[in-house]
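Listed here are the chains, written in short residue letters.
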Amino acid sequence: MKPLKIGVAGLGRAFTLMLPTFVDDARVQLVAATDPRADACERFRADFGGHTYDTIDALCADPDVEVIYLATPHQLHAEHVKIAAGHGQHVLVEKPLAISLAECDAMIEAAAAAGVHLIVGHSHSFDAPVLQARCIIESGEVGAVRMITAQMYTDFLYRPRRPEELDTAQGGGVVFSQAAHQIDIVRLLGGGKVTAVRAQTGAWDPSRGAEAPGGIRPAEGAYAAMLWFEGGAFASVTYNGYGFYDSDEACEWVGELGAPKNPEVYQSGRARLAATKHAAAKDALHEAQLKAARNYGGATYVPPGAAPPHHQHFGPMVISCERADLRPTPRGVMVYGETGKALRPAPRAAVPRIEVIDELVAAVREGVAPLHNGAWSRATMEVCLALIESSRTGQEVRMQHQIAPRRITGV
Ligand SMILES: NC(=O)c1ccc[n+]([C@@H]2O[C@H](COP(=O)([O-])OP(=O)(O)OC[C@H]3O[C@@H](n4cnc5c(N)ncnc54)[C@H](O)[C@@H]3O)[C@@H](O)[C@H]2O)c1
């Protein structure tokens, strides 16, 4: 099979994380890119010999490009998908799909009108142990899903950020960036169709927010939510990005990206940010520059090392089913059945996030409908937006755009 030729829009953090996947999977090839950061484009040309362009429009017009990997800031996804689809390009867009349901609708319509695939990833619902848990559920072995519990505690809010990433109106805060992972996982395991959401968000640090009428509006750094599913299952999901407890402690000290963590090193996000003296909103520009400098092509960029030894994950979770509890781990799925417990190992692929390329290649080359398509991801965004709305109104929010996941076994 000839490699699928990818044009990259946005050579930032997300691209930096996907780079080992693109480089190590022979089914894809990086051929072109666009980013306003000249240093990133220069490095791309040096590393891949590909073309770089001044605009996404020019990138999408490159006849050599077959798929656009869209890793620009969330608030640009809708406009950029429209441009890519207008040029007849398939799109692999980073999560979250967009920041409003109207934008999601427009993107889905643009892709359908152009007859191109719209795949949303990477999200941690692509992690092999999550897909393995879904396969166990699909097989009928453990009976119906009854309850899901998922937690994640990180230093998300104290990693260097662009100003928009701390502004809810532009998709800032943990709901858009992190619930997009957690809700996608929980929907996949719970059968997809959420009926109602009740949630509370926490926005507790005024130094991590955006200018708003009446003063700084802190970004959401935490949430807790109850979700109810068609069929009777329910889920509780919790996220805290305030940088104290690190839930990787409950994941065998394996980090989100599958690499071992040193248990002796305490969460470093707050201290690192404080050390730069740019934590306050007035230093937002410097903080954004700090983030860019660590990204691909930047002054402090460090290329990825060897592939991590474990699977990626998104915190501890338990799926309680009729006849067993399932616990995805960085090594596979622990199954706690009626007579005992056992680990079902998930073989580790040589290429991290290979599942994203599996889905992309199957869709574009073989016409297999992707699981993480626009409609699936719109449903995840509907739940994410409901977290914010429920917290604001104090009311339960009913869902209207939910869909079941397509079967992943036997496809
Ligand atoms: N799946 C993951 O693990 C993961 C991790 C990080 C970010 N993301 C997602 O990736 C997206 C980008 O976030 P990020 O953290 O990489 O941000 P970032 O700021 O690190 O990178 C964004 C890049 O896009 C570039 N850019 C801005 N406007 C552009 C334009 N008009 N055309 C081309 N490039 C443009 C910026 O210069 C920057 O290099 C977000 O939607 C985020 O949610 C996903």
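Each remark here, short or long, concerns the structure printed above.
Residues numbered from 1 in each chain as written. Predicted model: local features only at pLDDT ≥ 70, side-chain atom pairs only at ≥ 80, totals over all residues. Heavy atoms only, no water.

## Description of the sheet that holds strand β2 (residues 28-34)
The pairing of strands in a sheet happens through backbone hydrogen bonds and is either parallel or antiparallel. Definition in use: DSSP calls a pair of strands paired once it identifies at least 2 bridges connecting them. Secondary structure elements follow DSSP: runs of H or I no shorter than four residues count as helices, runs of E no shorter than two count as strands, and numbering proceeds from the N terminus. Here an angle of 0 to 180 degrees is reported between the N-to-C directions of two axes, which are lines fitted to C-alpha atoms, with helices fitted over the stretch in contact. Throughout, a residue-residue contact means that at least one pair of heavy atoms, one from each residue, lies within 4.5 Å.
With parallel pairing, the 6 strands of this open sheet are ordered in space as β3-β2-β1-β4-β5-β6. Strands with a single pairing partner mark the edges of an open sheet, and in this sheet they are β3 (51-53) and β6 (118-120). Averaged over all pairs of adjacent strands, the angle between strand axes in this sheet comes to 25°, irrespective of strand direction. The sheet contact formed by strand β1 (residues 4-9) and strand β4 (residues 67-70) spans 4 bridges and is parallel. When the sheet's bridge partners are listed, Ile 6 is paired in β4 with Val 67. Running at roughly 150° to β2, helix α1 (residues 13-24) makes contact with β1, β2 and β4 of the sheet.

## Examining the side chain of Glu 220
Here is the rule we go by: In protein, a polar contact means a hydrogen-donor-capable atom and an acceptor-capable atom, both N or O and within 3.5 Å, with residues adjacent in sequence counting only if both atoms are side-chain atoms; elsewhere, any N or O pair within 3.5 Å suffices.
The topology assignment puts Glu 220 in the loop between β10 (215-218) and β11 (222-229). There is a polar contact of 2.8 Å between the side chain of Glu 220 and the side chain of Thr 168. Residues contacting Glu 220, with those up to four places away along its chain left out, are Leu 157, Thr 168, Gly 172, Gly 173, Val 174, Val 175, Thr 201, Gly 202, Ala 203 and Tyr 242.

## A closer look at the packing of aromatic side chains
Applicable threshold: Two rings from Phe, Tyr or Trp (for Trp, the six-membered ring) form a pair when their centres are within 6.5 Å of each other. A pair whose planes differ by under 30 degrees is stacked, one over 60 is edge-to-face, and the rest are tilted. For every residue, the accessible area obtained with a 1.4 Å probe (protein chains only) is divided by the maximum for its type, and the residue is called buried under 20%, exposed over 50%, and partly exposed between those limits. By the criterion adopted, a ring carries a charge over it if an Arg CZ or a Lys NZ lies within 6 Å of its centre and within 35 degrees of its normal.
Across all of its chains, the model carries 10 aromatic pairs by this definition. Their ring planes at 25° and their centres at 6.1 Å tell us that Tyr 239 and Phe 314 sit as a pair that is stacked. You can see Tyr 239 sitting in strand β12 (residues 234-240) and its partner Phe 314 sitting in the loop between α9 (284-294) and β13 (317-321), a full 75 residues away along the chain. Looking at Tyr 239, the relative accessible area reads 1%, which means it is buried. Among the aromatic residues, those joined into a ring-pair cluster are Phe 15, Phe 22, Tyr 69, Tyr 296 and Tyr 301. Stacked on the ring of Phe 156, the Lys or Arg Arg 161 has its end atom at 3.9 Å from the ring centre. The ring of Trp 376 is capped by Arg 187, whose NZ or CZ atom sits 3.7 Å from the centre of that ring.

## Side note on the site of the ligand
For clarity, the cut-off: We call a residue near a molecule or strand when any one of its heavy atoms sits within 4 Å of it. Per-residue and other accessible areas were derived by the Shrake-Rupley procedure at a 1.4 Å probe size, with only the shown protein chains allowed to occlude residues.
Residues in close proximity to the ligand total 26 residues, the closest being Ala 14, Asp 35, Arg 162, Lys 291 and Asn 295. At a separation of 2.8 Å, an oxygen atom of the ligand approaches a polar backbone atom of Arg 13. Contact between the ligand and Lys 95: an oxygen atom at 2.8 Å from a main-chain N or O atom of the residue. When the ligand sits alone it has 840 Å² of accessible area, and the protein chains cover 86% of it. Contributing elements (two or more residues each) for the shell around the ligand: α1 and α4 (77-86).

## Side note on the pattern of salt bridges
Selection rule: Take a side-chain nitrogen of Lys or Arg and a carboxyl oxygen of Asp or Glu: if they are within 4 Å of each other, that pair is a salt bridge.
Under the defined criterion, the tally for this structure stands at 23 salt bridges. For Glu 66, the salt bridge goes to Arg 365, with nearest N and O atoms at 2.9 Å. Here the residue Glu 66 occupies a position in the loop between α3 (56-60) and β4, and Arg 365 occupies one in helix α10 (residues 354-366), the gap between them amounting to 299 residues. Overall, the relative accessible area of 25% leaves Glu 66 in the partly exposed class. The salt bridge partner of Glu 252 is Arg 331, with a shortest N-O separation of 2.4 Å. Note that Glu 252 is positioned in the loop between β12 and α8 (269-276) and Arg 331 in the loop between β14 (325-329) and β15 (332-336), a separation of 79 residues in sequence. Residue classification places Arg 331 among the partly exposed residues on the basis of a relative accessible area of 37%. Among the charged side chains, a salt-bridge network with shared partners connects Arg 161, Arg 162, Glu 164, Glu 165 and Lys 291.

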